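# Notes for the structure review
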Amino acid sequence: MSDPLDETRALWDDEAQTFDEAADHGLRDPAVRAAWRTLMLDLLPPAPARVADLGCGTGTLALLLTEEGYDVTGVDVSPEMVRRARAKAPGVEFVEADAAAPPLDRASYDVVLSRHVLWAMPDPAAALARWQDLLTPGGRLVLVEGSWSTGAGLTGAETVALVEGLGRTATLRPLPDAGYWGREISDERYAVTG
Ligand SMILES: C[S@@+](CC[C@H](N)C(=O)[O-])C[C@H]1O[C@@H](n2cnc3c(N)ncnc32)[C@H](O)[C@@H]1O
């Protein structure tokens, strides 16, 4: 019987080849990188802190946060994303695994960070409950998501409802500024902390 994640792996392995070419993925433009650095430092508790970056892709945010003094563990299901992340950030631990049930220690992370991944979970509420289990008491969820012009994604209201469904207080921060994306956008992009 085939693994239901085989299709996901194949899709994202394929995406990995060109993933960093998007301004917000590779953060190759210093101005875009600076915008994300400022945003992350605003949304996260101060370093040092342990961060689980779930669906970490090519490790761009993991590297950025490591450079800021955070202790980051990245998780991604795509072998090719993980291979690229390890090459980009050699000092960071990256685990090849399903983010829907991350094989990380419970109650051990000050932050669970996930950018553009919750929407792709087959059951976002169940995934988020598992993510919450990873947090230390007083730990924080930091979810960067969107409801994109392609029709994919989660609205800010949907993500807030998911976080509030865990009994947490959610704060929505819209991210309409072109400075994060390297171009003007007309769809909904945001961060929710809780
Ligand atoms: C849109 S990319 C975002 C990557 C990274 N968070 C970023 O913002 O640069 C989505 C990522 O989620 C990963 N992903 C998708 N489904 C996953 C799953 N079930 N478990 C772990 N990672 C998954 C993909 O391999 C891909 O790297």
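In the block above lies the structure referred to throughout.
Within every chain, residues take consecutive numbers counted from 1 along the sequence as written. For a predicted model such as this one, the threshold for reporting local features is a pLDDT of at least 70, and the threshold for listing and counting side-chain atom pairs is 80 or more; totals across whole chains, interfaces and linings nevertheless cover every residue. Computation of side-chain values covers all heavy atoms of the structure but excludes hydrogens and water.

## So, the side chain of T73
The secondary structure listing takes helices from DSSP runs of H or I that are at least 4 residues long and strands from runs of E that are at least 2 residues long, numbered from the N terminus. Counting through the fold element by element, T73 comes out in strand β2 (residues 71-76). Any two residues whose heavy atoms approach within 4.5 Å at even a single point are treated as in contact. In this structure T73 touches R50, V51, A52, D53, E93, V95, L104 and Y109, once residues within four positions along its chain are discounted.

## Quick word on the side chain of S114
Mapped onto the elements of the fold, S114 is located in strand β4 (residues 109-115). Overall, the relative accessible area of 0% leaves S114 in the buried class. N or O atoms within 3.5 Å of each other form a polar contact, as long as, within protein, one can give a hydrogen and the other can take it, and as long as residues adjacent in sequence are counted only when both atoms are side-chain atoms. Of note is the side chain of S114, whose polar atom sits 2.9 Å from the backbone oxygen of L54. Ignoring any residue separated from it by four or fewer positions in sequence, one finds S114 in contact with L54, W131, V142, L143, V144 and E145. Three labels apply to residues, based on accessible area from a 1.4 Å probe with only protein chains included: buried if under 20% of the type maximum, exposed if over 50%, partly exposed otherwise in between.

## Considering the site of the ligand
With respect to spatial proximity, 17 residues lie near the ligand, and among them G55, D76, D98, A99 and R115 are the closest. Measuring from a nitrogen atom of the ligand, one finds a backbone N or O atom of V77 at 3.2 Å. Across the complex, the protein chains shield 96% of the 590 Å² of accessible surface that the ligand would expose by itself. Of the residues belonging to the shell around the ligand, the class tally is nine nonpolar, five polar and three charged. What makes a residue near a molecule or strand is one non-hydrogen atom of that residue sitting within 4 Å of it. Accessibility throughout is a Shrake-Rupley quantity obtained with a 1.4 Å probe, and a residue counts as covered only by protein chains that appear here. Amino acid classes used here: Ala, Val, Leu, Ile, Met, Phe, Trp, Tyr, Cys and Pro are nonpolar; Asp, Glu, Lys and Arg are charged; the rest, including Gly, are polar.

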